[in-house]
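Chains, contacts and geometry: an overview
These are the residues of each chain, in order.
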Amino acid sequence: MTQNEQPFPVPPSPKREPLVTEQLGRTRTDSYAWMKDENWQKVLRDPAALRPDIAEHLKAENAYEDAVLSGMEPLRADLLKEMIGRVPPAEESVPVPDGPWEYYSRFEDGAQHPLRGRRPRGSGTEQVLLDVDAIAKQHDYYALSEAAHSANHRYYIYAEDVQGSEVYRIQVKDLETGELCAPAVDSTTGSFALSPDSEWLFWIYRDDNGRPSKIYRRPLTGGDDVLVFDETDPGFFLSIGVSASRKWIVIERGDHDTNETLLIPAATPTAMPVVAAPLVRGERYSLTHWNDRFIVLTNADGAVDFQFKQTPDTATGRENWTPFVPYLEGHYLLGASASRNHLAWAERRDGNVHILVVKDGLEGDIRAQAETIGMDEPAFDLTLLGALEYEGTTLRYIYQSPTTPAHWYDYDMATGERALRKIREVPSGHDPAKYETRRLFATAPDGEQVPITVLMQKDAKLDGSAPLLLYGYGSYGIAMDASFSTTTLSLVDRGWIHAIAHIRGGSEKGWNWFLEGRGTKKPNTFTDFIACAHHLVAQGYGTAGKIVAHGGSAGGLLMGAVANMAPELFAGIAAQVPFVDMLNTMSDVSLPLTPPEWPEWGNPLEDPAAYDLIASYSPYDNIQPKPYPAVLAMGGLSDPRVTYWEPAKWIAKLREVASGGPFLCRINMDAGHGGSSGRFKRLEEVALVQAFAIWAISR
């Protein structure tokens, strides 16, 4: 504490009620287990049902966080104003054509939520499909999961969440009358599919444990639900969709290791689904329908970074799969998009995404004959949006980098011509020449080279004087791509260096990068992040003790782990919806994601080695009596993924065991995992994180 700094107010001191758990011959004690409401499922659907003593404690935590950071309110306001200034007050998406119409969304001036609309193809009068902003004003929280029009263009279907718990209800609107024309479908995951004949709605039921467990079919305009598929494995996720060819209704079931696809011919949508190829444990595959065949993306036969095979659409068993694009180490295949005469796919190599396009009818070395779309930057991101229409030749993709705002391109796969459709506008101004992106590599303890993407001012001095924010995630094979962020600029413009650590557990260097950071190898994720911090310090991008670490969800697990392992590196830790109470969560089969997550972390209920490994790094269970940096933990009351009690318990135990800090907890009482809804409202939480980071460095 500096001479001019005022003493912190007294933090909340929650009661301790030790709960002793014996498991696999091991014993642990949890003094704050009472923060988990015994009726948590009800709380997810109705936050007002939260037990009064828990609500009182969470409100006290919010008040304490407000008090400690009260001096940063002017800065938070400035940051928020800057971020809002980089968002166009009014904005429209690039329209997507479909038959006689083109569909789009647009923000009216100052609106938090978009208006969904359509107009006759090429030009014409707008028809409003859904005014999301008007609906959202009737609720404290409002979010859409999916929205789609029927193939006959008469109906508009959307899934809405009004409490942040990700329990959605599906509505069907008749576009001829403008009225809802069917009873709402309640207790859904928000995922649905429409049969191409515009007669049937397929939807996924979310059970009382928050898991997708059944798929039903009902007449689109109302009627009885018919069970289509009953998922008996509590560890499997479900998804449903329609192929771009509109020939198949596709169901996928699986976890992070294994999956299986079931097919329903779109010509007979009331038929029961048939397995395309029976699941094989440890093997993944997905199908893209292309004329008379399926293109199979799979890791079968040891193709760690995946390969493409092909099979007739009348014979989908593995015995019929033949090579299409063989496995090539270092080329991680991400997915494909088909049109009548062309197939496009995205693949990651050297940390960046490239798009390849081939014509139908090619033989031999398909990859060698492909047209490649890439960019000449050290770090960039391409997002394959896919073929706009199956019978057309237009492919859409987005290009961006940390210095370059998103560019939407339409690529004619027949001629190779490219048309720029939109550049993301930054109303307050953006000069890419003021900034520099670099790709660095840190050496991990086992010798692996860990990529780091750095964004900084062009003339930044690399003498360790700049404050540094280091972001990381590293789980589920999710890559943290080198994209453009208008919010990050608020820090960089203040002289900060912003770095992303592409640690193991993600897939930036291929699927094996994920496998090397999960299960028994999960500690690599944490040591990779620490190695990145040390490398940045050694190269002059920052100084130990002047780094703020930032991560959310499973990245919050990372934040908790590195806080325990290397607190001396950091001035602050910002952890949003942090997964920090791992041992208890992975031992509670009632929670939505526990069985599905066992392949990722291990099962501590049945496997002693998994118990011991999780116990060795679980942030809540490894807090030590030593100085810690300041910590800001943020959660959402109706979050079904990382429940509110995880950050609340973590902060309480940090105060009990550790020194240093302060340790702050902010629970959004009106939102879930994604934080506040609305394009401006959610920026308030971003501004809070950045104000905390600046405060942690400067105090």
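Thresholds, definitions, all that
- Residues numbered from 1 in each chain as written.
- Predicted model: local features only at pLDDT ≥ 70, side-chain atom pairs only at ≥ 80, totals over all residues.
- Heavy atoms only, no water.
- Helix = DSSP H or I, 4+ residues; strand = E, 2+ residues; numbered from the N terminus.
- Contact = heavy atoms within 4.5 Å.
- Areas by Shrake-Rupley, 256 points an atom, 1.4 Å probe, with all protein chains shown as cover.
- Lys, Arg positive; Asp, Glu negative; His and termini not counted.
- Charge placed at Lys NZ, Arg CZ, Asp CG, Glu CD.
- Salt bridge = Lys/Arg side-chain N within 4 Å of Asp/Glu carboxyl O.
- Pairing = 2+ DSSP bridges.
- Axes fitted to C-alpha atoms, helices over the stretch in contact; angles between N-to-C directions.
- Parallel < 35°, antiparallel > 145°, perpendicular 65-115°, else oblique.
- Left-handed = near helix turned anticlockwise from the far one by under 90°.
- Buried < 20%, exposed > 50% of the residue type's maximum accessible area, 1.4 Å probe, protein only.
- Phe/Tyr/Trp six-rings, centres within 6.5 Å; stacked < 30°, edge-to-face > 60°.
- Lys NZ or Arg CZ within 6 Å of the ring centre and 35° of its normal.
- Core = buried A, V, L, I, M, F, W, Y, C linked by side-chain atoms within 4.5 Å.
- Expected span 1.5 Å × (residues − 1).

1. Considering the overall build of the protein chain
Along the backbone of the protein chain there are 13 helices and 41 strands. By principal-axis analysis of the C-alpha atoms, the protein chain measures approximately 75 × 55 × 55 Å. Once local pairs closer than 6 in sequence are excluded, the contacts in the protein chain between residues at least 24 apart make up 56%. If you sum the accessible surface of the protein chain, you get close to 26900 Å²; carbon and sulfur atoms cover 49% of it. Each charge sign in the protein chain was given a centre, from 66 positive and 94 negative side chains, and these centres are 2 Å apart.

2. A closer look at the pattern of salt bridges
When charged atoms on two side chains of opposite charge get close, those side chains can pair. A full pass over the atoms with the stated rule returns 49 salt bridges. The residue R76 makes a salt bridge to E73 at a minimum N-O spacing of 3.2 Å. Pair noted here: R76 and E73 are both in helix 3 (residues 73-85), with a separation of three residues, about one helical turn. Linked through salt bridges whose partners overlap, the residues forming this network are K15, E17, E38, R51 and D53.

3. Considering the sheet that holds strand 29 (residues 394-400)
Taken together, the four strands give an open sheet; going across it, the order is 28-29-30-31, and neighbouring strands pair in antiparallel fashion. Each end of this open sheet is capped by a strand with a single partner; those strands are strand 28 (381-387) and strand 31 (418-423). Mean inter-strand twist for the sheet, computed between neighbouring axes without regard to direction, equals 25°. Sheet topology note: the strand 30 (residues 407-412)/strand 31 ladder contains five bridges and is antiparallel. Considered in strand 31, the bridge of W408 is made with K422.

4. Regarding the packing of helix 7 (residues 523-538) against helix 8 (residues 554-565)
It is at 10 Å that the axes of helix 7 and helix 8 come closest, and there the two elements cross at 65°. Accordingly, the angle class assigned to the pair helix 7 and helix 8 is roughly perpendicular. Pair helix 7 / helix 8 crosses with right-handed handedness. Here helix 7 contributes T525, F526, T527, F529 and I530 to the contact with helix 8, which in turn contributes L557, L558, M559, A561, V562 and M565.

5. Some words on unusual backbone geometry
The linkage connecting G661 with the following residue, P662, adopts the cis geometry, with an omega of 5°. As for its position among the elements, P662 is in the loop between strand 40 (659-660) and strand 41 (663-668). Even without glycine at this site, Y476 takes up a positive phi of about 60°. Owing to a relative accessible area of 18%, Y476 belongs among the buried residues under this scheme.

6. Examining the packing of aromatic side chains
Inspection of the entire model under this criterion finds 18 aromatic pairs. Put simply, the rings of F306, Y332, W511 and F514 touch in pairs and so form one group of aromatic residues. In this arrangement the basic side chain of R119 is found over the ring face of Y104, its NZ or CZ atom lying 4.4 Å from the centre. Just above the ring of Y409 sits the side chain of R418; from NZ or CZ to the centre is 4.3 Å.

7. Here we look at the sheet that holds strand 35 (residues 497-501)
Strand order across the open sheet formed by eight strands is 32-33-35-34-36-37-39-41, with mixed pairing between neighbours. A strand with exactly one partner marks an edge of an open sheet, and here the two such strands are strand 32 (435-443) and strand 41. Mean inter-strand twist for the sheet, computed between neighbouring axes without regard to direction, equals 20°. Of the strand pairs in this sheet, strand 34 (residues 468-472) and strand 36 (residues 547-552) are connected by four bridges, and their pairing is parallel. Bridge pairing links Y471 to H550 in strand 36.

8. What to know about the pairing of strand 7 (residues 127-131)
Across four bridges, the pairing between strand 6 (residues 115-120) and strand 7 is antiparallel. Considered in strand 7, the bridge of R118 is made with Q127. Between strand 6 and strand 7, which pair antiparallel in sequence order, lie six residues; one of them, G122, sits at a positive phi of approximately 100°.

9. Thoughts on the nonpolar core
In terms of nonpolar packing, the biggest core is built from 80 residues, with V454, F529, L536, W601, W650 and L654 touching the most fellow members. Look past the residues within four positions of F529 in its chain and what remains in contact with it is L470, Y471, G472, A501, I503, A549, L558, M559, V562 and F570. Core analysis: the second largest hydrophobic core is formed by 31 residues, L469, W496, A630 and A696 among them.

10. Things to note about the environment of T527
Tracing the chain through its elements places T527 in helix 7. Linking T527 and I503, residues 24 residues apart in sequence, is a C-alpha distance of 8.9 Å. Contacts of T527, omitting those with residues within four sequence positions, involve P445 and M565.

11. Structural notes on helix 12 (residues 645-657)
Residues three or four positions apart in an α-helix share a direction because the helix packs 3.6 residues into each turn. The end-to-end C-alpha separation of helix 12 is 18 Å, in line with the 18 Å expected for 13 residues at 1.5 Å each. With eleven of its 13 residues buried, helix 12 lies for the most part within the structure. All of the buried residues along helix 12 are W645, E646, P647, A648, K649, W650, I651, A652, K653, L654 and R655.

12. Focus: the side chain of E597
Following the sequence through the fold, E597 ends up in helix 10 (residues 594-601). Buried within the structure, E597 lacks any salt-bridge partner; R518 is the closest side chain of opposite charge, at an N-O distance of 7.9 Å. When near neighbours in sequence (up to four residues on either side) are disregarded, E597 contacts H256, Y476, M586 and G602.

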